[in-house]
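Residue-level structural notes
Here's the letter readout for the chains.
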Amino acid sequence: MTVTDPLALLDFDSLLSDEERQIRETVARFVTEHVRPHVADWFEEGTFPRELAPELGKLGVLGMHLDGYGCAGTSAVAYGLACLELEAGDSGLRSFVSVQGSLAMFSIWRYGSEEQKQEWLPWMAAGEAIGCFGLTEPDFGSDPANMRTRAVRDGDDWVLNGSKMWITNGSIADVATVWARTEEGIRGFLVPRGTPGFTTRTIKKKLSLRASITGELSLDDVRLPASAQLPEARGLGAPLSCLSEARFGIVFGSAGAALDCVRTTIDYANERVQFGRPIAAFQLTQQKLADMAVGLNTSALLALHLGRLKDAGTIKPHQISVGKLNNVRTALAIARECRTILGGSGITLEYSPLRHANNLESVLTYEGTSEIHSLVIGQALTGHAAFK
Ligand code: TGC
Ligand code: FAD
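Because the structure is a prediction, the values reported are computed rather than measured.

The next thing to look at is unusual backbone geometry. A positive phi is found at Asp11, a non-glycine position, where the angle reads about 55°. Along the chain, Asp11 turns up in the segment before α1 (18–35). For Asp221, which is not a glycine, the phi torsion comes out positive at approximately 50°. Topologically, Asp221 is positioned in strand β7 (residues 214–224).

So, on to helix α11 (residues 370–382). Here α11 spans 18 Å end to end across 13 residues, near enough to the 18 Å set by a 1.5 Å rise per residue. Looking at α11, one finds that the buried residues are Ser370, Ile372, His373, Val376 and Ile377. The buried residues of α11 occupy one face: seen down the axis, they fall within an arc of 165°. Exposed positions of α11 whose direction lies more than 90 degrees from the buried face are Glu371 and Thr382. Gly383, located one to two residues past α11, shows a positive phi value of around 85°.

The environment of ligand 2 is formed by 17 residues, the closest being Thr136, Ser142, Trp166, Thr369 and Glu371. Interatomic distance of 2.6 Å between a side-chain N/O atom of Ser142 and an oxygen atom of ligand 2. Here ligand 2 has 970 Å² of accessible area as a free molecule, and 68% of this is covered by the chains. Elements with a contribution of two residues or more to the shell around ligand 2: β3 (157–168), α10 (353–365) and α11.

Taken together, 25 residues are adjacent to ligand 1, and Ser95, Ser142, Arg247, Glu367 and Gly368 come closest. Here an oxygen atom of ligand 1 and a side-chain polar atom of Thr168 are 3.0 Å apart. Considered on its own, ligand 1 offers 1,100 Å² of accessible surface; in the complex 69% of this is hidden by protein. Listing elements by their share of the shell around ligand 1, those giving two or more residues are α5 (91–111) and α7 (237–271). Looking at which element gives the most residues to the shell around ligand 1, the answer is α7, with 6 residues. Among the residues forming the shell around ligand 1, the class breakdown is 11 nonpolar, 10 polar and 4 charged.

Quick look at the domain arrangement of the protein chain now. By domain assignment, the protein chain separates into domain 1 (6–125), domain 2 (131–228) and domain 3 (237–382). Put simply, the middle of domain 1 and the middle of domain 2, counted by C-alpha atoms, are 24 Å apart. Each partner contributes residues to the interface: domain 1 has 23 residues there, and domain 2 has 20 residues. Interface of domain 1 and domain 2: buried area, both sides summed, is about 1,800 Å²; carbon and sulfur atoms make up 64% of it. Of all residues in domain 1, Phe43, Arg50 and Trp120 give up the largest surface area on contact with domain 2, accounting jointly for 27% of the area buried on that side. Taken together, the links from domain 1 to domain 2 amount to 1 salt bridge. In this structure, the salt-bridge partner of Arg50 is Asp174, at a minimum N-O distance of 3.0 Å. Breaking the side of domain 1 that touches domain 2 down by element, the ones donating at least two residues are α2 (39–45), α5 and α6 (114–125).

The rules behind the values
- Residues numbered from 1 in each chain as written.
- Chains lettered and ligands numbered in written order.
- Predicted model: local features only at pLDDT ≥ 70, side-chain atom pairs only at ≥ 80, totals over all residues.
- Heavy atoms only, no water.
- Helix = DSSP H or I, 4+ residues; strand = E, 2+ residues; numbered from the N terminus.
- Expected span 1.5 Å × (residues − 1).
- Buried < 20%, exposed > 50% of the residue type's maximum accessible area, 1.4 Å probe, protein only.
- Arc of directions from axis to C-beta.
- Near = heavy atom within 4 Å.
- Polar contact = N/O pair within 3.5 Å; in protein donor to acceptor, adjacent residues only side chain to side chain.
- Areas by Shrake-Rupley, 256 points an atom, 1.4 Å probe, with all protein chains shown as cover.
- Nonpolar A, V, L, I, M, F, W, Y, C, P; charged D, E, K, R; others polar.
- Domains from an automatic or database assignment.
- Contact = heavy atoms within 4.5 Å.
- Buried area = accessible area lost by both parts, 1.4 Å probe.
- Salt bridge = Lys/Arg side-chain N within 4 Å of Asp/Glu carboxyl O.

Rendered as structure tokens:
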């Protein structure tokens, strides 16, 4: 018996409901038709095609785990499976969907006023409006509590000054959720593109996540009405709760990148002949494939377990850290190992593993670095916060 899909090794799909399997298949088909034929070019050109946004809206994956306002209202597991298939295409694609749904839309859905929800969410769910999420600053990445961006009251208005760095979709977004320090602690604000004093710049020369737009936001005396503030967001816990949503998507997504690498590599190893035999027939190749398949299936099962906890409403942030730390680290190791099996062919964009490996360097760093997630787990185990 030959297992044709690396996730069939432990019969992963048998753990899914019919609806979950169907969502996984639908997203996989979309990626095969709309992404795989073009993604190497997007990566080489360092671009993400904005016209894909309405297509992703029609597919129903933008804010898909949120209820109402044009969102699909699916389970967390269904959302995770969509992230898995999107990231099997490219981490940049999953990033777009994560930032739109789990960071920009979630911040409005969870902390916004009814007017803010009505104004933005239906357009964002349809991919007609793009959002971004500005937490990181040039001098404060892992430590957002010390952010410098400031919002000061002036009559009924707020005036914002500061800058945000490494912001996915930053320079193409129609609206930015910006986190700023106020006299009452950290608060969130919606800053529409075109607001005087609000400018963006695209960060170039990236070696990772090239099929994704990354930008810098500058706020220079940006005047906003009181209605631009997210009324329910108080303190750092608000942006960190948004991060929990996006980190959850990465737990599944990174397993998708690993799946694509292993699939690609098994096909290649069966075709490529050296010393008169397919390289898949050598024991050393099989050992690599077996180790990678074990890692991949363990990651997928861990993701599913966390998804079930999320759907039950019991998931804790440190449990998401376990998933993000393990699955991204595993995926990166798999992508690099796959590249070795591809030999010289593995260094081009014709095959996906090195593109995935390059992307996963960003995934290891954003949404909390691997070190920060280790410390979150360490805190859960010992009771000591070793961040400071
Ligand atoms: P700390 O005192 O621990 O926490 C402050 C308050 O927040 C609560 N909290 C959380 N709530 C929900 N979810 C979480 N994950 C939470 N983590 C903490 C906490 O209970 C506390 O609440 P309260 O009521 O007591 O005030 O804060 P700290 O300053 O000690 O920092 C802790 C630390 C280091 C874990 C946190 O700062 C952190 O996670 N740092 C990493 C920053 C990060 O991940 N940035 C990501 C930016 S966004 C991004 O990368 C998008 S990439 C998108 C893409 O393209 O896919
Ligand atoms: P630093 O925090 O300076 O960390 C540098 C190194 O020091 C890391 O290895 C880190 O683990 C280590 N370190 C830091 N503190 C400790 C500690 N206490 N103990 C041990 N080690 C420590 N941010 C957003 O807000 N929105 C976005 O949309 C977004 N998109 C991104 C897209 C890309 C492609 C990238 C690369 C980043 C993005 N980010 C975004 C920013 C991302 O979240 C940060 O890069 C990340 O949080 C790390 O911050 P930093 O780069 O400033 O590194």
